[in-house]
Amino acid sequence: MWKNHLIIAYRNLRKNKVFSIINIVGLAIAMAAGLLILKYVTFELSYDDFRKPSVYRVVDYAYLNGEMVGKRAQTVPALAPALLREIPEVKNSARLVHSGPLMSDPVMQVDARSFHEDKVYYADAAFLDLFSYKMVHGYQDQALTQPNNVVISMEMADKYFPGQDGLGKELTFYMGDRGNTQLKVSGIFENIPDNSHVHTDFIISFNSIPWNLDDNWDWGNFYNYVELTPQSNLAVVEGKFLDVMEKYLGESLTEWRNSGYTSTLNLQPIQDIHLDSHLEAEAEPNGSRNMVRFLTLIAIFILIIAWINYVNLTIAKSVERAKEMGIRKVVGSSKGQLIAQFMTGSFLLNGLAAILAIAISHLMMPIFQNLTKVGFSPTPSTALSIGVAALFLTGTILSGLYPAYIMSSFQPLQMIKGHLKNPSQGVPIRKALIVFQFAASIALIAGTLGVRQQLSFMKEQDKGLNMEQTLIVKGPGIKDSTYQQHLVFFKNEVSKLPHIQDASVSSSIPGKELSWARQFYHPAQPESGKGINIIAIDEDFFQLYGADFLAGRNFSREVTSDRGNLILNETAMRQLGFKNAEEATQKTIIWHESDEDKHAKTIIGVIRDFNQESLHKEVVPMVFALKEYLNAPWAGEYYSLKIRSHDYTTALSEIKLIWEKAFPNSPFEYFFLDDYFNNQYLSEQNFARIFSLFAGLAILIACLGLFGLASYMTIQRTKEIGIRKVLGASMIHIITLLSKDFFLLIAAASVMTLPLVYFILKSWLQNYAYQMDIHWRILLLPILLVFLVAFFTVTLQTVKTALENPVKSLRSE
């Protein structure tokens, strides 16, 4: 029997080639889209799943007078060892710190080859075990026990020791103003997978840091991780954190509370960091769980649209199989057997679509990877195999069961006589399905426009500084006692170049998260201290970036007292209690470095706020000080060069020649500031590209179904069209007649969808500190586009029928 069902299903596919192709191609595209999205979603959900589930990161939530003022991923270096000593449930702990807070950009050197390296960290010996590092050479438990030991990735081993066994070899590690040291390679580990919340190329033993940090409760730039014993209760463990802080901080904790500050430590599963964290000072940019949810929803929409196509076309074509089904019922076929016949057809069609979908997804995988900028493996995975099976079975059941039920429910006599021109039993549901198709298409187009509009808004918004034509050169990692003289030489010589308009040196640049902050307060109100970010600059910084002064003046080389002066931004001015810029100018505030190190500073100017980071965030308070008078090894990390012309090639070659004279041993690395700043929007850019792609696929699939349905309805009404033409109906009249039902359905879909789209966009925009206005174009353009697409899709088929000789169409029946 099943063989017979399969043969009949195959014959029906061949008999109705156009409708079969529409269904198979539509389902294949939908399944391929679903598989690609499944690949991306499973990758995003897999972050850190290769590590121990019992490992947590300790994070800090800060409150001022009961209001949350900060959520930070980094804490103090004394925390991890204290938690291990004091809390029985803590099985192990480790600290991780990027080399950045300890020095300017580090440089690694072997022989005469030197490179800037960004992924250099210090970590405790237990870190390798906590993070499940797979050692290729060396021993996990011994590799980081000795000072000046370093473990490196296989990629770095090939880079620095090509064709050699790097174990036991030495690297020269240049630490900016702190000189250099020799590091011994004590281990080589497998490259960190892409789905990790932190990537390391070099891990230096924590006891290589030249200070005792086990009792340091002030320096908050360290990641602290703990491993808990089995069956530990997180709430109980977190409840013990306060006791630990009171034991070690004592009076300091009381003073903070008296000034309104409180802090709570919380445990964060490392598997949740990538999608759910979004704290200050993350090791790397996070992903977005909302994006994962949206893409999952898009995949569901696309699949439902394709299945709706199949259901609608199958029901619409039911009249052609009415006599067949009627005869089967007369000769004794049961309702179950008829349903089985339709389900076999659905099985065959979905099976062919699934095979085609696998081929399409395989071919599209490299393009999709480039589009998403995600490095997931293109090889099939268990999740992908399960996804194929799930899509196939779900599609077979959902798209086959309802048409089978409709057809098997008619009376045999009706079916044999052919009284099923428009089986009314399926019409309301068919219309509802079409409305859903249009609603989903409108929602996807509106979502695409909304994401792109917000992205464009953030990029084009006035950020308060001029970042165009700005080249950034990373400061030299190899420095000695003559660094200041070489810096002056480089800046002076570069400023003489005809392509260079201005040059400046600073500890940070727009787009870089600030990590250097201290307490500032009025001399008479030490309890009112506020943590404010510090940027070290030279006298040319504000001129180069075109900053606006609200009051006061810039730093001057002619004024020697400027070494003790500061410039604030508006937010810092307000945070320190000043009402306006004029009031703040020439006032004295205290720079609180530590209880033993406090300095009175004079405010000589206030600048208009600018966005140091992306428009996801509010403007942060900032204090600017002259870099050459600060005892800060990372001051002078970036050289900003304003280029006059677009002849970048010539400018770069000239700059590089001067660099090689000034810093012959340091690598020359550069980038353009606007690209660097816009990299903060990579997540939105990827989302917009993906959203656009799949929204386009959804519309394509809907058009395929609409074309098939319009084709069939036109064929069914061929005689009516012929009569109307004989009676004098125009082409426009006939097109309107055949398309008005679709337009009414689009209107219904629009009324249903627009409020929902507005609400979703409004909710999504809450993630941004700076939000676009939801313009009417975002809501009305999708409706217009769907109307036009539907009109041309229907017209394409109806015009052909309307142009035929009416005598021929009348003679056909």
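Going along each chain's sequence as written, the residues are numbered from 1 onward. Confidence filtering applies because this is a predicted model: local features only for residues at pLDDT of at least 70, side-chain atom pairs given and counted only at 80 or more, and all residues used for totals across whole chains, interfaces and linings. With hydrogens and water set aside, each side-chain value is computed from the structure's full complement of heavy atoms.

Novice: Which residues make up the overall build of the protein, and what values go with them?
Specialist: Along the protein, the regular secondary structure elements total 25 helices and 24 strands. Note on exposure labels: buried denotes an accessible area under 20% of the residue type's maximum, exposed denotes more than 50%, and partly exposed covers the range between, all computed with a 1.4 Å probe on protein chains only. Counting over 813 residues, the protein shows a buried share of 53%. In this description, contact between two residues means that some pair of their heavy atoms is separated by no more than 4.5 Å. When contacts within the protein are restricted to residue pairs at least 6 apart in sequence, long-range pairs at least 24 apart make up 80% of them. Segments assigned H or I by DSSP are reported as helices when at least four residues long, segments assigned E as strands when at least two residues long, and all are numbered from the N terminus.

Novice: Go over the environment of Asp674, please, and point to the residues and values.
Specialist: Considering the arrangement of structural elements, one finds Asp674 in helix 20 (residues 673-678). Taking the C-alpha atoms as reference points, Asp674 and Lys459, 215 residues apart in sequence, are found 9.5 Å from one another.

Novice: Let's hear about the packing of aromatic side chains: which residues, and what values?
Specialist: Side-chain rings of Phe, Tyr and Trp, where Trp is taken by its six-membered ring, are said to pair if the distance between their centres is within 6.5 Å; with planes under 30 degrees apart they count as stacked, over 60 as edge-to-face, and otherwise as tilted. Throughout the structure, instances matching the rule amount to 40 aromatic pairs. Ring geometry for Tyr40 against Phe368: centres 6.5 Å apart, planes inclined by 80°, an arrangement best described as edge-to-face. Taken together, the residues Tyr40 in helix 2 (residues 17-45) and Phe368 in helix 11 (residues 335-372) connect sequence positions 328 residues apart. Between Tyr639 and Phe663, the aromatic rings sit 6.3 Å apart at their centres with planes inclined by 40°, giving tilted as the arrangement. Of the two residues, Tyr639 sits in strand 23 (residues 638-643) while Phe663 sits in the loop between helix 19 (648-662) and strand 24 (670-672), which places them 24 residues apart along the sequence. You can call Tyr639 buried: its relative accessible area is 1%. Taking relative accessible area as the criterion, Phe663 reaches 5% and is therefore assigned buried. Grouping aromatic residues by their ring pairs yields a cluster made of Tyr483, Phe490, Tyr639, Trp659, Phe663, Phe668 and Tyr670.

Novice: Just give me the short version of the packing of helix 15 (residues 483-495) against helix 19, but keep the residues and values in it.
Specialist: Their axes nearest at 9 Å, the elements helix 15 and helix 19 cross at an angle of 160°. As summarised for this structure, helix 15 and helix 19 are arranged roughly antiparallel, according to the angle between their axes. Note on packing geometry: the crossing formed by helix 15 with helix 19 is right-handed. Taken together, the residues of helix 19 that come into contact with helix 15 (itself represented by His486, Phe489, Phe490, Glu493 and Val494) are Ile655, Ile658, Trp659, Lys661 and Ala662. Here the residues of the contact of helix 15 with helix 19 are counted per class, giving 7 nonpolar, 1 polar and 2 charged. Comment: axis = line fitted to C-alpha atoms, over the contacting stretch for helices; angle = value between 0 and 180 degrees taken between N-to-C directions. Roughly parallel means an angle under 35 degrees; roughly antiparallel, over 145; roughly perpendicular, 65 to 115; everything else is oblique. Here a crossing is called left-handed whenever its near helix is offset anticlockwise from the far helix by less than a right angle, and right-handed whenever the offset is clockwise. Note on residue categories: nonpolar means Ala, Val, Leu, Ile, Met, Phe, Trp, Tyr, Cys or Pro, charged means Asp, Glu, Lys or Arg, and polar means any other residue, Gly included.

Novice: Provide a residue-level description of the nonpolar core, including the pertinent values.
Specialist: One recurring pattern in soluble globular proteins is that nonpolar side chains are buried together. Among the nonpolar cores identified, the biggest contains 85 residues, and Leu295, Ile298, Ile302, Phe542, Tyr545, Phe624 and Phe694 are the most heavily contacted of them. In this structure Phe624 touches Ile535, Ile537, Phe541, Phe542, Phe555, Asn565, Leu566, Ile567, Asn569, Ile607 and Phe610, once residues within four positions along its chain are discounted. Listed in part, the 26 residues of the second largest apolar core include Tyr61, Ala126, Ile270 and Ile273. Among buried residues, the Ala, Val, Leu, Ile, Met, Phe, Trp, Tyr and Cys ones that are joined through side-chain atoms within 4.5 Å form a nonpolar core.

Novice: Can you tell me about helix 15, naming the residues and giving the values?
Specialist: In an α-helix, one full turn covers 3.6 residues, which means residues spaced three or four apart are oriented alike. With 13 residues, helix 15 extends 18 Å from end C-alpha to end C-alpha; this agrees with the ideal 18 Å at 1.5 Å per step. Those residues of helix 15 lying buried are Tyr483, Leu487, Phe490, Lys491 and Val494. In a view along the axis of helix 15, the buried residues occupy a sector of 95°, so they form one face of it. Elements in contact with the buried residues of helix 15: strand 15 (500-506), strand 23 and helix 19. A helix is expected to span 1.5 Å for every residue after the first. Each C-beta atom gives one direction from the helix axis, and the arc is the one those directions make.

Novice: Mind laying out helix 2, listing which residues take part and the relevant values?
Specialist: Taking 1.5 Å per residue as the helical rise, helix 2 with its 29 residues ought to reach 42 Å, and the 41 Å between its terminal C-alpha atoms agrees with that figure. With respect to burial, helix 2 is a largely interior element, 22 of its 29 residues being buried.

Novice: Give a detailed account of the pattern of salt bridges, specifying residues and quantitative values.
Specialist: In the sections that follow, a salt bridge refers to a side-chain nitrogen of Lys or Arg positioned within 4 Å of a carboxyl oxygen of Asp or Glu. By the definition in use, this model includes 23 salt bridges. For Lys474, the salt bridge is made with Asp118, and the minimal N-O distance between the two is 3.0 Å. Here Asp118 lies in the loop between strand 5 (113-116) and strand 6 (120-123) and Lys474 lies in strand 14 (residues 470-474), a separation of 356 residues in the sequence. Accessibility expressed as a relative area gives 9% for Lys474, which makes it buried. Taken together, the salt bridges that share partners define one network made up of Lys491, Asp538, Glu539, Asp540 and Arg557.

Novice: Tell me about the pairing of strand 14, and please be specific about residues and values.
Specialist: With 5 of 5 residues buried, strand 14 lies mostly within the body of the structure. Burial along strand 14 is two-sided: the face carrying Thr470, Ile472 and Lys474 and the face carrying Leu471 and Val473 are both buried. At least two bridges found by DSSP between two strands is the condition for calling them paired. Relative to strand 23, strand 14 runs antiparallel, the two sharing 5 bridges. Bridge pairing in strand 23 places Ile472 opposite Ser640. Pairing of strand 14 with strand 24, which is carried by 3 bridges, proceeds in the antiparallel orientation. Among the inter-strand pairings, Ile472 is bridged to a residue of strand 24, identified as Phe671.

Novice: Go over unusual backbone geometry with me, naming the residues and quoting the values.
Specialist: You will see that Gln231, though not glycine, has its phi angle at about 65°, which is positive. When you line up the elements, Gln231 lands in the loop between strand 12 (223-228) and helix 6 (234-249). Given the relative accessible area of 78%, Gln231 is considered exposed. One non-glycine residue, Gln469, lies in the positive phi region at around 55°. Relative to the elements of secondary structure, Gln469 occurs in the loop between helix 14 (427-460) and strand 14. For Gln469, a relative accessible area of 19% corresponds to the buried category.

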